[in-house]
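Residue strings, one per chain:
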Amino acid sequence: NAGVTQTPKFQVLKTGQSMTLQCAQDMNHEYMSWYRQDPGMGLRLIHYSVGAGITDQGEVPNGYNVSRSTTEDFPLRLLSAAPSQTSVYFCASSYTVSDTQYFGPGTRLTVL
Amino acid sequence: DAKTTQPPSMDCAEGRAANLPCNHSTISGNEYVYWYRQIHSQGPQYIIHGLKNNETNEMASLIITEDRKSSTLILPHATLRDTAVYYCIVPRWDKIIFGKGTRLHILP
């Protein structure tokens, strides 16, 4: 199993650009989520999904969209990048929300 | 909601046991306590979890009080590689909220 994979590892955007952060898992996990982590801070929940076709907002959803068309993939879209979205983004998955979470390696995003 | 409270930082001498406390006074009867750690800027890694009984695995031990309102993660013989941020988590029914965790410094 590859586990949870995230692409790209690094990305630099200009203000106003849009992009999609990819997250995939091959463990047949139903629950997937996205977090952002600013320097020296904890993880903050952006969006989560309890299964294909179902998504919901977390603590800091503004400026981000998600969709879950398959069990395996949970992409995160930045609609119009802002410098405040400079952060490290982590994707996680688990069988259910109450099970052990498996995290990807993260995407380091810089918005200029 | 089960919210957790942890000290922001702790020090521990190398080779000694590191005891990391967590308060979760509003935990419900069927909610688990999970511990993860994050080394440098990597993704968090699972350490251990428990419901009522004390648990032990190859990485750590978890002691949960009888009233389940608090728990302690024990790293029996801390090494420099245990320097990390440790998160105590009680998953909600629909999502998982992380706090700021405890930054553990292992002193040589």
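From a predicted model like this one, the values you see are computed outputs, not experimental measurements.

Engineer: Hey, could you go over the overall build of chain A for me, with residue numbers and the actual values?
Structural biologist: On a plain count of helices and strands, chain A comes out with zero helices and 11 strands. If you list the helices and strands of chain A from N to C, you get β-β-β-β-β-β-β-β-β-β-β. Principal axes of the C-alpha set define a box for chain A whose edges measure 35 × 25 × 20 Å. Looking at chain A as a whole, 49% of its 112 residues are labelled buried. Here the contacts in chain A between residues at least 6 apart in sequence split such that 53% fall between residues at least 24 apart. Charge centroids of chain A, computed over 7 positive and 8 negative side chains, lie 14 Å from each other.

Engineer: Can you tell me about the interface of chain A and chain B, naming the residues and giving the values?
Structural biologist: Taken together, the 20 residues of chain A in the interface contact 19 residues of chain B. Interface area for chain A against chain B, summed over the two sides, is near 1,600 Å², with a carbon-plus-sulfur share of 56%. Seen at the junction of chain A and chain B, the total is zero salt bridges. Taken together, the connections running from chain A to chain B amount to eight residue pairs in polar contact (both at pLDDT 80 or more). Those elements that provide at least two residues to the side of chain A that touches chain B are strand E4 (31-37) and strand E5 (43-51) of chain A. With four residues, the top contributor of residues to the side of chain A that touches chain B is E5(A).

Engineer: Which residues make up the side chain of B:Thr102, and what values do they have?
Structural biologist: On the secondary structure map, B:Thr102 appears in strand E9 (residues 102-107). There is a polar contact of 2.5 Å between the side chain of B:Thr102 and the backbone oxygen of B:Pro7.

Engineer: Give a detailed account of the nonpolar core, specifying residues and quantitative values.
Structural biologist: Judged by nonpolar contacts, the single largest core of 21 residues is most densely connected at B:Trp35, B:Leu73, B:Tyr86 and B:Leu104. In this structure, A:Val4, A:Ile46, A:Val66 and A:Ala81 belong to the second largest nonpolar core, which totals 19 residues.

Engineer: Lay out the sheet that holds strand E8 (residues 76-78) of chain A with the relevant residues and their values.
Structural biologist: All names here are of chain A. Taken in spatial order, the four strands make up an open sheet running E1-E3-E8-E7, and their pairing is antiparallel. What marks the edges here is a single partner per strand, and that holds for strand E1 (4-7) and strand E7 (64-66). On average, adjacent strands in this sheet sit at an angle of 20 degrees to one another, irrespective of strand direction. As judged from the four bridges shared by E1 and strand E3 (residues 19-25), these two strands associate in the antiparallel manner. Among the inter-strand pairings, Val 4 is bridged to a residue of E3, identified as Gln 25.

Engineer: How would you explain the side chain of A:Ser93 if you had to name every residue and give the values?
Structural biologist: All names here are of chain A. With respect to the helices, strands and loops of the structure, Ser 93 is situated in strand E9 (residues 87-94). Polar side-chain contacts of Ser 93 include one of 2.8 Å to the side chain of His 29. Every residue in contact with Ser 93, bar those within four places of it in the chain, is listed here: Val 4, Gln 25, Met 27, His 29, Tyr 31, Met 32, Thr 100, Gln 101 and Tyr 102.

Engineer: An account of the layout of surface pockets is needed here, citing residue identities and associated values.
Structural biologist: Considered as a void within the structure, the largest pocket measures approximately 510 Å³ in volume. In terms of lining, the largest pocket is formed by 26 residues, of which the most central are A:Gln37, A:Pro39, A:Gly40, A:Met41 and B:Arg103. For the lining of the largest pocket, the elements supplying multiple residues, two or more each, are E9 and strand E11 (107-111) of chain A together with strand E8 (84-89) and E9 of chain B. A per-class count over the lining of the largest pocket returns nine nonpolar, 13 polar and four charged.

Engineer: With reference to specific residues and values, describe unusual backbone geometry.
Structural biologist: Backbone torsion omega between A:Thr7 and A:Pro8 reads -5 degrees, so that peptide bond is classified as cis. Position of A:Pro8 relative to the elements: it lies in the loop between E1 and strand E2 (10-13). In this structure, B:His40 takes a positive phi of about 50 degrees despite not being glycine. Relative to the elements of secondary structure, B:His40 occurs in the loop between strand E3 (33-38) and strand E4 (45-50).

Reading guide: rules and limits
Residues numbered from 1 in each chain as written. Chains lettered and ligands numbered in written order. Predicted model: local features only at pLDDT ≥ 70, side-chain atom pairs only at ≥ 80, totals over all residues. Heavy atoms only, no water. Helix = DSSP H or I, 4+ residues; strand = E, 2+ residues; numbered from the N terminus. Buried < 20%, exposed > 50% of the residue type's maximum accessible area, 1.4 Å probe, protein only. Contact = heavy atoms within 4.5 Å. Lys, Arg positive; Asp, Glu negative; His and termini not counted. Charge placed at Lys NZ, Arg CZ, Asp CG, Glu CD. Buried area = accessible area lost by both parts, 1.4 Å probe. Salt bridge = Lys/Arg side-chain N within 4 Å of Asp/Glu carboxyl O. Polar contact = N/O pair within 3.5 Å; in protein donor to acceptor, adjacent residues only side chain to side chain. Core = buried A, V, L, I, M, F, W, Y, C linked by side-chain atoms within 4.5 Å. Pairing = 2+ DSSP bridges. Axes fitted to C-alpha atoms, helices over the stretch in contact; angles between N-to-C directions. 1 Å grid on protein atoms, 1.4 Å probe; cavity = no way out; pocket = protein on both sides within 12 Å on 5 of 7 lines; lining within 4 Å. Points joined across faces, edges and corners; volume = space filled by probe spheres on them. Nonpolar A, V, L, I, M, F, W, Y, C, P; charged D, E, K, R; others polar.

Note that every value here comes from positions in space, so none of it alone points to a role or purpose.
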